[in-house]
Amino acid sequence: MATMKSLQTGGQNKIDVVDVERPVPGPRDALLRIRACGICGTDTTFLHMGGMPARGHAGGEMISISLGHEPAGEIVEVGAEVTGLKAGDRVVVNPQAAPSGIIGCGGKHGGMAEYLLIEDCVVGRSVAVFPDTVPFDVAALNEPMAVARHCVNRSEAKPGDKVVVFGAGPIGLGAAIWLKLRGVEHVVVADVLPERLETALAVGADAVINSATDDVTARLTELHGHAANALGQPRPGTDIYIDAAGAAAVFSTVIDNAKWGAKLVMVAVQKKGADIDLGGMLRSELTLVASQGYPTEIFEVTPEIVEHHERFAKLISHRIPFAEAGRAFDLALTPGAAEKVVVTFDDRP
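Note that the structure is a prediction, hence the values are computed from the model and not measured. (Residues numbered from 1 in each chain as written. Predicted model: local features only at pLDDT ≥ 70, side-chain atom pairs only at ≥ 80, totals over all residues. Heavy atoms only, no water.)

### Quick look at the overall build of the protein
Step number 1: Each helix and strand counted, the protein has eleven helices and 19 strands in total.
Step number 2: Taken against the 2.2 N^0.38 rule, which gives 20 Å for 349 residues, the C-alpha radius of gyration of the protein at 21 Å falls within 12% of a compact globule.
Step number 3: Considering only C-alpha atoms, the protein reaches an extent of 70 × 45 × 30 Å along its principal axes.
Step number 4: When the 349 residues of the protein are sorted by exposure, 52% land in the buried category.
Step number 5: Pairs at least 24 residues apart make up 66% of the contacts formed inside the protein by residues separated by at least 6 positions.
Step number 6: Each charge class in the protein was averaged separately, 31 positive and 43 negative side chains, and the resulting centres sit 1 Å apart. (Helix = DSSP H or I, 4+ residues; strand = E, 2+ residues; numbered from the N terminus. Rg over C-alpha atoms; globule rule 2.2 N^0.38 Å. Buried < 20%, exposed > 50% of the residue type's maximum accessible area, 1.4 Å probe, protein only. Contact = heavy atoms within 4.5 Å. Lys, Arg positive; Asp, Glu negative; His and termini not counted. Charge placed at Lys NZ, Arg CZ, Asp CG, Glu CD.)

### Looking at the side chain of H309
Step number 1: Mapped onto the fold, H309 is located in helix α10 (residues 309-313).
Step number 2: Since its relative accessible area comes to 18%, H309 is described here as buried.
Step number 3: Discounting residues that sit within four places of it in the chain, H309 has contacts with T133, V134, P135 and V138.

### Topic: the packing of aromatic side chains
Step number 1: Scanning the model with the defined rule gives three aromatic pairs in all.
Step number 2: Both rings, one in F130 and one in F136, keep their centres 5.9 Å apart while their planes meet at 85 degrees; by these two values the pair is edge-to-face.
Step number 3: In this structure F130 comes out as buried when scored by relative accessible area, which is 4%.
Step number 4: Directly above the aromatic system of F136 lies the positively charged group of R90, at a separation of 3.9 Å from the ring centroid.
Step number 5: Across the ring face of W178, the terminal group of R149 is positioned such that the distance to the ring centre comes to 4.5 Å. (Phe/Tyr/Trp six-rings, centres within 6.5 Å; stacked < 30°, edge-to-face > 60°. Lys NZ or Arg CZ within 6 Å of the ring centre and 35° of its normal.)

### With respect to the packing of helix α3 (residues 142-155) against helix α4 (residues 170-181)
Step number 1: α4 packs onto α3 with a crossing angle of 55 degrees between their chain directions and a minimal axis gap of 8 Å. Taken together, α3 and α4 sit at an angle that is classed as oblique. Pair α3 / α4 crosses with right-handed handedness. Facing P144, M145, V147, A148, R149, V152 and S155 of α3, the residues of α4 in contact are P170, I171, G174, A175, W178 and L179.
Step number 2: Class assignment of the residues belonging to the contact of α3 with α4 gives a composition of ten nonpolar, two polar and one charged. (Axes fitted to C-alpha atoms, helices over the stretch in contact; angles between N-to-C directions. Parallel < 35°, antiparallel > 145°, perpendicular 65-115°, else oblique. Left-handed = near helix turned anticlockwise from the far one by under 90°. Nonpolar A, V, L, I, M, F, W, Y, C, P; charged D, E, K, R; others polar.)

### What about the environment of Y115?
Step number 1: Inspection of the secondary structure assignment puts Y115 in strand β8 (residues 115-118).
Step number 2: Through-space distance from the C-alpha of Y115 to that of P23 is 7.5 Å; in sequence the pair is 92 residues apart.
Step number 3: Residue contacts for Y115: discarding those within four places in its chain leaves M4, R22, L31, L32, R33, I34 and V76.

### Structural notes on the sheet that holds strand β10 (residues 162-166)
Step number 1: Pairing within the open sheet is parallel, and its six strands lie in the order β12-β11-β10-β15-β16-β17. Edge positions in the sheet fall to β12 (207-210) and β17 (287-290), since each of these pairs with one other strand and no more. Looking at each pair of strands side by side, their axes are set apart by 20 degrees on average, direction ignored.
Step number 2: Lying on the sheet, α3 is in contact with β15 (240-243), β16 (263-266) and β17; it crosses β16 at an angle near 155 degrees.
Step number 3: Set on the sheet, α4 makes contact with β10, β11 (186-191) and β15; between it and β11 the angle comes to about 175 degrees. (Pairing = 2+ DSSP bridges.)

### A word on the packing of helix α1 (residues 41-49) against helix α11 (residues 325-333)
The description of two packed helices rests on the angle between their axes and on the distance between the axes.
Step number 1: One way to put it is that α1 packs onto α11 with a least axis distance of 10 Å and a crossing angle of 95 degrees. If you check the angle between α1 and α11, you find them roughly perpendicular. From α1, D43, T44, L47 and H48 reach across to α11, where they touch F329, A332 and L333.
Step number 2: A per-class count over the contact of α1 with α11 returns four nonpolar, two polar and one charged.

### Re the environment of F130
Step number 1: Assignment of secondary structure puts F130 in the loop between β9 (127-129) and α2 (136-139).
Step number 2: Note: C-alpha distance between F130 and I305 (175 residues apart in sequence) is 9.5 Å.

So, to be careful, I would describe these as geometric facts and stop short of saying anything about function.
Here it is as structure tokens:
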């Protein structure tokens, strides 16, 4: 029996690297050798919990799960009924297409392993092929950049709009890139970490705001001009606010600054509930739009990541070998220690 190493949740804030049986593809499956896999906030949430709740157990029993839903790799074996794919193809994966459950999020398989079984493999639904001009670590950004793209699609931002993105993590920075590639006139990124704001400028943001030290209202007014809410009270001329931070303070800041007819797109998971000033929303006729996942965007983004891969590469702050996965997750679990961590795998034949 051939085995492989797979990374799973251990106890709280711990990972286990275990030896498991290497999958054998059936006639409709493909076997992927993982070359890179990103670490996501969802992974760290599972680690904080020590796994995920077992189904049917009301007592809070946690079960270990295989991690990793941002993989990129090379096809090594293809089932007889799979078409349009061959050994040697480099692919990114749709983790939500697996019939046995979402890859790396409680499903049977995880992408933080040496090999991944792509069940019922269909090109364009399960995987998308990318060229060898794109490094595997950058290709592994495909899934989070699909999340960011859906957020921008939900915003319906137009070229003449003025937009501010709160949160310069991978999703917020990805949203900034997509907004600029969409032709949006002016994009501001706000965060509390100076190094993340430097990255925002490097990937194309027009301006940044350090919300820990700057007067956000004054800066937005300086950058986006003067406007008003429905009562004529002065407000910055910002058209669209994107919350990629998940902090209650963002909602308060947006409501305090929103002009008449502004829009707030929520893509971040809220870490704590917020007391929302509904009267403030009313006075601005503020539209709240929620953005979840990537209903259609998972492979919509792939050709543009290929075209602009050098730009997207700037989102990666740490590339760490799988042999040092413990260090990779320690970084991801430490607030402010890393922007985007990608675990890389030995790429020798």
